[in-house]
Amino acid sequence: MTVHLYLYGLALILAGALAGTLLPARSRVSGAALLGSIGCAMTLIAATRTLLDGQTSVYQTSTVLPFTGVHLLLDPFGALFIVVTAVLGIATSLYGVGYARKIQKSRIETGMFPLFLACLVLVPVAASVVTFMVAWELMAATSFLLLLAEHRSRPEARDAAQWYAAMTQFGAAAILIGLVVLAAHAGSQSFAVIRLHAPGLSLGVRSTVFLLVLIGFASKAGAVPLHVWLPRAHAEAASPVSALMSGAMVNLGIYGIIRVGNGLLGGGVLWWWLVVLAIGVASALYGAVQAVASSDLKRLLAFSTIDNIGLVLIGVGAAGALADTGHRLLAALAMLAALFHLTNHAAFKGCLFLAAGSVQHATGTRDLDHLGGLVRRMPATAFLFGIASLSISALPPFNGFASEWLLFQGLLHGFATKNSITAVALLAGVGALALTGGLTAAAFVKALGIGFLGQPRTPEASTAHEVAPSMISGMVLLAIPCVVLGIIPGVVLPVISRATDVGLGGTFPRSVQSGLGLRLSGLSGMIEPVLLLLALLSALILAWGVLQLVARHSARGQARSVEAWGSGRALLTPKMEYTATSFAEPLQRVFVDVLRPSHDAEVTHVAESRYFEHEINYRLQIDDAIERSWYRPLIRYVMAWGNIARRVQNGSTHRYLAFGFIALVVILVVLA
Amino acid sequence: MIASASTSGLGAAIGASLLQLVVVVLGGPLLMGLMVKIRARAEGRKGPPIRQPLLDLRKLAGKERIHSEHTSVVFVITPLLLVASIAVAIAITPLVTTSPVLGRSADLFVIVFLILTGSVSLALAGLDSGTAFGGMGSSRAMAIGALAEPALLVAMLALSIQVRSSNLPEIVSATLAHPDWIANPERLLAFVALLIVVIAETGRIPVDNPSTHLELTMVHEAMILEYSGPELGLVMLGQAMRLGFLFALVADLFFPWGIASNSNPARLLLGIVLLGTKTTIIATGVTLIEISTAKLRLFRVPELLTGGFVLAVLAVVTGLVAR
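Residues numbered from 1 in each chain as written. Chains lettered and ligands numbered in written order. Predicted model: local features only at pLDDT ≥ 70, side-chain atom pairs only at ≥ 80, totals over all residues.

A. Structural view of the overall build of chain B. Across its full length, chain B holds 11 helices and 1 strand. Taken from N to C terminus, the helices and strands of chain B fall in the order α-α-β-α-α-α-α-α-α-α-α-α. Taken over the C-alpha trace, chain B has a radius of gyration of 19 Å; the compact-globule value for 323 residues is 20 Å, and the two agree within 12%. The buried share of chain B, taken over its 323 residues, is 61%. (Helix = DSSP H or I, 4+ residues; strand = E, 2+ residues; numbered from the N terminus. Rg over C-alpha atoms; globule rule 2.2 N^0.38 Å. Buried ≥ 20, exposed ≤ 12 C-beta atoms within 10 Å, placed from the backbone.)

In structure tokens:
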């Protein structure tokens, strides 16, 4: 049975965790990677089979967890998330082998990585409140430890881990309260029973539960304004871990919103989904603007994750709203677009994070202002980063284009709704999609152009070396879906639409037809990326032919390579090049109200006259404006109360005994 | 539909697409020459002949290719990709005939991102040369492009909602079937928004000045500064094709009358002549705007583009209210 194959895979991943902890230093990285990849491959096969035949399989045992036992359910919706995670798991495990060669990894870290992977594939099959919360919290704990792994060499990791722990525990508490309310009403903690009893709850209770779990899952997904941990954690974690966090863990936030909102609570009411859509619009815009302004490569990628999660949430929100206004076909289309984009995002963002890790591995920095010219030193990494950049910029015929087209179609056809608030929300969604499209292209032209092209800006960048073959193969594994899902989306989408039905909770009309191209069914809209690619290639060959023909007849045939014109001076130093910061300056000026950067100029004059400057120091800092204006005051407030509370605790044992006595007396008085 | 058509139908569609391509490849540079000519005449000069851009292309074809030693393969591919991406857009859009090849894939979203492909590769090439000017041009071009794109997409959304499809042949045939749509308020608003975007995307005054070489104001020219010889020719051809295509697209979306609905040679000829007339009128209008306004400061350009975006949003809202 499919679920058994899945369980054997899970067991192998856990064996990988053991191998990572117990094996001798020489073999523990490759041992853990080998067992982890085979385990991932088995869960991948099980999940793919579930997606293909649409069957649901159940597994229950009263062992492992005391009192409650473990409830697992493998359905097509969860299977999609397992497929995404498993592919990422194989790629990052493979990549990790080469990555660990230079940096000595501790036992805890090599053991924790497969354990994190196991939690990621366990969450989508958990079918009871306790199983789900245990898997969810184990996932938080393992990722927290992985984030802390390099804290000795990089103190920033501690700060990031602290933020992450606070936000994720806050979120988990909200989810737990929401789910416990549901379980208490249903009298059972099994999801299947909860689903049966949820319609009996009053709308107020259901809405409160939805808002609670939305807060919890949105904080895991990194949606604005609960995103503050994400740019820190994803930037500071080791790159394979960043790739898993950005490509797989944030997805589970989306999973939770759909599973609880559409599944357990049965779809709810319109305004729930408009809230989701609004969060999506805010995340998409804020993430895109911050990504453009960022000159730290991994921070840029982290903000772009927030942007893409925003686009997914726009799709999820639109789907929920359209389902509630009775447009079932359109709801299925929007949900399909959201899930397809989520899948694509995992592929290109995973590849980008791994490539960023390779750059950091080779040069020791991830600051774009210190990079440049890497295409000559690291051609394979540059090429793969390029493919993933083009995909995320939604250029045809890569996968980002196909899913953003589908999302655009979902929103466009959604305007058929007669509900005017929904129409306004959809318009906001299209506006966000359009704005992020241009901004993402600008951000990734910056990342690719400043980081990999031009002249190297530092000695580290000019002496960089290509990374190990295992690291490259990990990136290749993720670059392949970027191309394949872009060229033949029509083959994959009918399979993903099985997950859509289960996710939305019911049978919905098929929104796309299967075929080589991508064609909506029942609506007007079609693209054929294969033929577009063919047309593009033939036009390229034609242009190349014309150029060759012309060059043959011209004075000299071959292109001559000379030093670039340096305005009459025979030197062109890397200092003259545009940096990432200067590249982003025009857009940073436009979005100054969102970014609110802090400037600081320091002028030192020469001793003889104050009319001549000796040195000018200019500092520009762009931090997270939402963090500064919302979270900092909150932290100050909490600290102030903490200080007041500290007065009560002065360390004197007598005082504590007195507290105990007073409390006892108060309780006795109350009881009497 | 092409899917059900026979091989001869497919052949006719490919032929029609190639015809469109030839028309725009020749017509784009001529439109550029015309705009220079109109400007010169308005300023009391004689000006270069209208076919000057074509002569420039011939001149550049005979020159040597020189690359900066810092460049990579991106620099070599960019001119080709720029021309190829816009050529695909021209081939699949119904400009002369309503049934070009791949017409069912000619989605507005596809067109927008094909144009973006050219812009992105040019910006990468600017950074690839490793010079200050290239980076400056790329940075500015991407900033302008990032703000022009949303206006473009939302303006096109306004037209698509009306037809309930973003497929270009469907929009064109629906517009042909409803001549009264020309005075629709949402279409007028979308027209102005689209015009602003076209001015930005083709690098005309008041957004960019195609004839400047002053570093303070250069955008597009700075980005392509390191190109020479036949490759510069290809970049200039790409720019001319983009201008011709965008003008033709505006004509097509708002005034598609006269476009050939079959492959009858007489109808095709009429289509070409009318397309030429319509784009000439648009080119004249844009030149008049150019003559009568000064170039905006670079940091004022976003305000203009935001204005375009707001107009496009208003177009959508008007369309929804009027429904």
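Back to the text.
B. The arrangement of the overall build of chain A in detail. Check the secondary structure of chain A and you find 25 helices and 8 strands. For chain A, whose C-alpha radius of gyration is 27 Å, the value lies close to the compact-globule estimate of 26 Å for 672 residues. When its C-alpha atoms are laid out on the principal axes, chain A stretches across 100 × 70 × 60 Å. In chain A, which comprises 672 residues, the proportion classed as buried is 57%.

C. Local environment of the nonpolar core. Formed by 365 residues in total, the largest nonpolar core has its most connected members in C351 of chain A together with V154, A155 and A312 of chain B. Setting aside residues no more than four positions away along its own chain, V154 of chain B makes contact with V430, G431 and A434 of chain A together with F309, A312, V313 and V316 of chain B. (Core = buried A, V, L, I, M, F, W, Y, C linked by C-beta atoms within 7 Å. Contact = placed C-beta atoms within 7 Å.)

D. Just the confidence of the model for chain B, in detail. Residue and element names in this part refer to chain B. Residues with a pLDDT of 70 or more make up 98% of chain B, whose mean pLDDT is 89. Per-residue pLDDT, averaged within each element of chain B, yields its smallest value for strand 1 (residues 66-68) (86) and its largest for helix 3 (residues 73-92) (95). Long-range and interchain partners of residues 1-5, a stretch whose pLDDT sits below 50, account for 7 contacts in this model, where long-range means more than four residues apart. (pLDDT = per-residue confidence, 0-100.)

E. Structural detail: the pairing of strand 2 (residues 70-74) of chain A. Residues and elements named next belong to chain A. Counting buried positions over the 5 residues of strand 2 gives 5, a clear majority of the element. Of the two faces of strand 2, the one holding V70, L72 and L74 and the one holding H71 and L73 are both buried throughout. Sheet topology note: the strand 1 (residues 57-61)/strand 2 ladder contains 5 bridges and is antiparallel. In the sheet register, Q60 faces strand 2, and the bridge partner there is H71. (Pairing = 2+ DSSP bridges.)

F. Fine view of unusual backbone geometry. Residues and elements named next belong to chain A. Across the junction of V224 and P225, the peptide omega takes the value 5°, indicating a cis bond. Positioned with a positive phi, A394 is a non-glycine residue whose angle comes to about 60°. The buried category is assigned to A394, around which 30 C-beta atoms lie within 10 Å.

G. Highlighting the sheet that holds strand 4 (residues 518-520) of chain A. All names here are of chain A. The 3 strands lie next to each other as 3-4-5, forming an open sheet whose pairing is antiparallel. Of all the strands in the sheet, the pair left with one neighbour each is strand 3 (512-513) and strand 5 (526-527). Sheet analysis places strand 3 next to strand 4, joined by 2 bridges and oriented antiparallel. Paired with V512 across the two strands is L520, which belongs to strand 4.

H. The arrangement of the environment of L94 of chain A in detail. All names here are of chain A. Structurally, L94 can be placed in helix 3 (residues 76-99). By the C-beta count within 10 Å, which is 25 here, L94 ends up buried. For the pair L94 and V430, spaced 336 residues apart in sequence, the C-alpha to C-alpha distance is 38 Å. Non-local contacts of L94, meaning those with residues more than four positions away in its chain, are made with A33, S37, S470, S473, G474 and L477.

I. Up close: the domain arrangement of chain A. According to the domain assignment, chain A consists of domain 1 (586-621) and domain 2 (628-671). In this structure, domain 1 of chain A and domain 2 of chain A have C-alpha centres spaced 46 Å apart. (Domains from an automatic or database assignment.)

J. Layout of helix 19 (residues 469-487) of chain A. Residue and element names in this part refer to chain A. With 19 residues, helix 19 should reach 27 Å at 1.5 Å per residue; the first-to-last C-alpha distance of 26 Å fits that figure. Residues M471, I472, G474, M475, L477, L478, A479, P481, C482, L485, G486 and I487 constitute the buried set of helix 19. On its buried face, helix 19 is in contact with helix 3, helix 13 (328-363), helix 15 (379-392), helix 16 (399-414), helix 20 (489-504) and helix 21 (529-553). (Expected span 1.5 Å × (residues − 1).)

K. Region of interest: the environment of L433 of chain A. With respect to the helices, strands and loops of the structure, L433 of chain A is situated in helix 17 (residues 420-452). Spatially, the C-alpha atoms of L433 of chain A and R158 of chain A are 35 Å apart, while their sequence positions differ by 275 residues.

L. Structural detail: the interface of chain A and chain B. Every contact between the two is made by 67 residues of chain A and, on the other side, 70 residues of chain B. Mapped by element, the contributors of at least two residues to the side of chain A that touches chain B are helix 14 (374-377), helix 16, helix 17, strand 5, helix 21, strand 6 (560-562) and helix 22 (580-590) of chain A. Per-element accounting of the side of chain A that touches chain B gives the leading share, 15 residues, to helix 17 of chain A. Of the residues contributing to the side of chain A that touches chain B, the split by class is 46 nonpolar, 13 polar and 8 charged. (Nonpolar A, V, L, I, M, F, W, Y, C, P; charged D, E, K, R; others polar.)

M. Local environment of the packing of helix 17 of chain A against helix 22 of chain A. All names here are of chain A. Taken N-terminus to C-terminus, the directions of helix 17 and helix 22 make an angle of 165°; their axes are 10 Å apart at the nearest point. By the angle class used here, helix 17 and helix 22 are roughly antiparallel. Judged by the twist between their axes, the crossing of helix 17 over helix 22 is right-handed. Side by side, helix 17 and helix 22 meet where A442, K446 and I450 of the first sit next to A580, F583, A584 and L587 of the second. For the contact of helix 17 with helix 22, a count of residues per class yields 6 nonpolar, no polar and 1 charged. (Axes fitted to C-alpha atoms, helices over the stretch in contact; angles between N-to-C directions. Parallel < 35°, antiparallel > 145°, perpendicular 65-115°, else oblique. Left-handed = near helix turned anticlockwise from the far one by under 90°.)

N. Structural view of helix 4 (residues 107-122) of chain A. Over its 16 residues, helix 4 of chain A runs 23 Å from end to end, which matches the ideal 22 Å to within 8%, given 1.5 Å per residue. Of all 16 residues that make up helix 4 of chain A, 14 are buried, and the element is covered over most of its length.

O. Layout of the environment of L536 of chain A. All names here are of chain A. Take L536: it is sitting in helix 21. When the 20 C-beta atoms within 10 Å are taken as the criterion, L536 is described as buried. Put simply, L536 and W405 are 131 residues apart on the chain and 18 Å apart in space, counted from C-alpha to C-alpha.

P. Region of interest: the packing of helix 2 (residues 25-53) of chain A against helix 4 of chain A. Residue and element names in this part refer to chain A. At a minimum axis separation of 9 Å, helix 2 and helix 4 run at an interaxial angle of 10°. Classed by the angle they form, the pair helix 2 and helix 4 counts as roughly parallel. Residues R28, V29, A32, G36, C40 and T43 of helix 2 lie in contact with helix 4, whose contacting residues are T110, F113, P114, L117 and V121. When the residues that make up the contact of helix 2 with helix 4 are grouped by side-chain class, the tally is 7 nonpolar, 3 polar and 1 charged.

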